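# Examination of the molecular architecture
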Amino acid sequence: MWNASELSLQLPTRRSSDLLLQPFWDYLVFQHYPLVSSPFFPVVLSFASYFLFSLPFAVIDLLGENLPAFHHYKIQGNRRPTVHMMMRSLGMAVYNHLVFVLPTVIINNVFMPPAPLPPMAPTLWELFSGGLGTLLIFDTQYFIWHMAHHKNPHLYKWVHAIHHEYYSPFSWSTQHLSAMELMAVGFWSNLDPLMLTIHPLTTWVLIVFSIWLSVEDHIGYDLPFSLHHLVPFGLFGGAPAHDMHHQKPATNFAPFFSHWDRLCGTESHLEKKTDKLGESEKNTKDKLHAM
Ligand SMILES: [Zn+2]
Ligand SMILES: [Zn+2]
């Protein structure tokens, strides 16, 4: 554990604009050292983010048409998750974390204990550039992994199919994943910050932000204030892109950005529903009736 006199000797000279995050970093390190230095902290942060971001959308789903301000933006308006579906996805996430993730963290901590926390906070530029760089690398890794698991029937069946149990995603289904998929995602999430040697604060901000992006991908609502509407040129796919992946699984493999699907010709756009049932579902029903 540090003390203040040790820290004052270690602080290099920086511009005052570089030190905007220093008070917050000092607060975390001096007031919450046992928590933030724990090897379990990133897992707790990740699961808490998943839970807290998903919960409001579960309430919105359950209220359905009684909440027209949100229901208006539902992508597949005729499909609504049941409480049973929600509990199943949440239960799967809890099970995977308790049985696979936590033991992995314990083993990893034995062989590779986390490095001591640095005394200096990152600058805002370091936080932004490190976060964006890591997000772009993860997006590329998952795009390749995801496409491979859709192209190979064995990989799809044993690893990824479980995530496609639901044609219409909902917030809790973000982590409706096989243990293998969750571990692959966790592996990159740990490796990428180490490769880029980004600051621990950048890693923690990135964990919360990437979980938000993942939950937003699955909420099933094309909300006007979503990130993909705020970021220009359609750089972010958001909920419409990932909803289309669940409807047309051979398209939109990237988790966050849209450039890889554009370059590889696998991009698909949200099909506007023109009636209550939605054209694609109506067409399917018409075909079934015609058989
Ligand atoms: Zn999904
Ligand atoms: Zn998929």
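Note that the structure is a prediction, hence the values are computed from the model and not measured. (Residues numbered from 1 in each chain as written. Chains lettered and ligands numbered in written order. Predicted model: local features only at pLDDT ≥ 70, side-chain atom pairs only at ≥ 80, totals over all residues.)

## Some thoughts on the overall build of the protein
In terms of helices and strands, the protein carries 14 helices and zero strands. Across the 291 residues that make up the protein, the buried fraction comes to 29%. (Helix = DSSP H or I, 4+ residues; strand = E, 2+ residues; numbered from the N terminus. Buried ≥ 20, exposed ≤ 12 C-beta atoms within 10 Å, placed from the backbone.)

## Overview of the nonpolar core
Nonpolar side chains tend toward joint burial in soluble globular proteins. Among the nonpolar cores identified, the biggest contains 15 residues, and Tyr50, Ile211, Val215, Ile219, Tyr221 and Ala239 are the most heavily contacted of them. Sorting the residues of this core by element identifies helix H4 (41-63), helix H6 (83-111) and helix H10 (200-218) as the ones contributing at least two each. Apart from the residues within four sequence positions on either side, Tyr50 is in contact with Ala93, Thr174, Gln175, Ile211 and Val215. Phe253, Ala254, Phe257 and Trp260 belong to the second largest nonpolar core, which has eight residues in total. (Core = buried A, V, L, I, M, F, W, Y, C linked by C-beta atoms within 7 Å. Contact = placed C-beta atoms within 7 Å.)

## Thoughts on the UniProt feature "transmembrane region" (unreviewed entry) in the protein
In this structure's numbering, the residues bearing the UniProt feature "transmembrane region" (unreviewed entry) are residues 40-64, 85-107 and 194-215. Within residues 40-64, the helical portion is 92% and the strand portion 0%, while the C-alpha atoms at the span's ends are 36 Å from each other. Across residues 194-215, helical content stands at 82% and strand content at 0%; the span's end C-alpha atoms are separated by 24 Å. (UniProt positions renumbered as here; feature names shortened; annotations may be inferred.)

## With respect to the confidence of the model for the protein
On average, residues of the protein score 88 in pLDDT, and 87% of them reach the 70 mark or higher. In the model, residues 1-10 has pLDDT below 50 throughout and makes four contacts with residues more than four positions away in sequence or in other chains. Considering only residues more than four positions removed or in separate chains, one finds that residues 274-291, a stretch of pLDDT under 50, has 14 contacts. (pLDDT = per-residue confidence, 0-100.)

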